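Single-letter residue listing:
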Amino acid sequence: MALQSETLGKLPYGKINEIILLFKQALDQDQQLFVFGNGGSAANASHFVTDLGKGASDKTYKRFRCLSLNDNTNWMTAISNDYSYDEVFVRQLMNLARPGDLVLVMSVSGNSPNLVKALEWSAQNGIYSIAFVGDKKGRLAEIADMVLVVSDTHYGRVEDAQMTICHIIAYAFMEIAELQMPPGLPPVHRGGD
């Protein structure tokens with residue numbers, strides 16, 4: 001059985017860096033970021049958006065436009081009641097998302113029907129998608145534009161690793177000077193050699 005430290009040790013840090021650059025592009029181009037998931041991944045989505053919307057935005061040259069679709073309780077329950085739970089994210093995206101925006105979904109199984117439906121719609125409507133999934137990958141890994149696989153199938157370890165990834169991304173914008181600057185400016189010289 002893998003330990004949490006082993007799971008974290010196998011994270012694809014190169015891929016995380018690519019995602020940080022995508023988020024920098026979204027910031028520079030004023031694109032909307034939508035983040036969502038189910039269960040523990042829903043909690044991670046809300047936490048991540050708080051970190052981006054407050055902590056990271058307090059340090060960058062402008063504010064992230066970001067939203068956790070898990071936090072729209074009234075809308076989610078209305079959609080679930082009147083249509084089905086499979087529609088809770090896609091119907092919000094239909095109202096809010098525009099071509100060029102960015103969607104991040106988090107899932108352990110990679111097969112949640114409401115996430116799959118949202119990414120299928122995103123693909124058809126010019127919304128770039130990122131999926132954080134566990135080792136089983138699932139359907140999300142087949143349809144997302146970018147996939148980050150956490151090499152484990154244990155729900156707790158995968159969700160913890162996904163939150164660690166979210167913290168790495170948010171703290172990159174809080175701590176790395178080059179990510180805090182508007183596009184086109186040279187990097188800040190930090191002194192030394």
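For the structure itself, consult the block above.
Residues numbered from 1 in each chain as written. Predicted model: local features only at pLDDT ≥ 70, side-chain atom pairs only at ≥ 80, totals over all residues. Heavy atoms only, no water.

> Explanation requested: the packing of helix α3 (residues 40–59) against helix α8 (residues 155–175) in the structure shown.
Closest axis-to-axis distance for the α3/α8 pair is 9 Å, and the angle between their directions is 10°. If you check the angle between α3 and α8, you find them roughly parallel. Here G40, S41, N44, H47, F48, D51, L52, G55, A56 and K59 of α3 come into contact with α8, specifically with E159, Q162, M163, C166, H167, I169, A170, F173 and M174. When the residues that make up the contact of α3 with α8 are grouped by side-chain class, the tally is nine nonpolar, seven polar and three charged. (Axes fitted to C-alpha atoms, helices over the stretch in contact; angles between N-to-C directions. Helix = DSSP H or I, 4+ residues; strand = E, 2+ residues; numbered from the N terminus. Parallel < 35°, antiparallel > 145°, perpendicular 65-115°, else oblique. Contact = heavy atoms within 4.5 Å. Nonpolar A, V, L, I, M, F, W, Y, C, P; charged D, E, K, R; others polar.)

> Would you explain the environment of N72 in this entry?
Turning to its location among the elements, N72 is positioned in the loop between β2 (65–68) and α4 (73–82). For the pair N72 and E142, spaced 70 residues apart in sequence, the C-alpha to C-alpha distance is 27 Å. When neighbours within four sequence positions are excluded, N72 is seen to be in contact with L67 and Q92.

> Would you explain unusual backbone geometry in this entry?
Trans peptide bonds make up the majority, and among non-glycine residues the majority have a negative phi. Residue D30 is not a glycine yet carries a positive backbone phi of 60°. The topology assignment puts D30 in the loop between α2 (13–28) and β1 (32–37). Positive phi values are uncommon outside glycine, yet K137 reaches one of about 65°. With respect to the element layout, K137 can be found in the loop between β4 (128–133) and α7 (138–143). Taking relative accessible area as the criterion, K137 reaches 39% and is therefore assigned partly exposed. (Buried < 20%, exposed > 50% of the residue type's maximum accessible area, 1.4 Å probe, protein only.)

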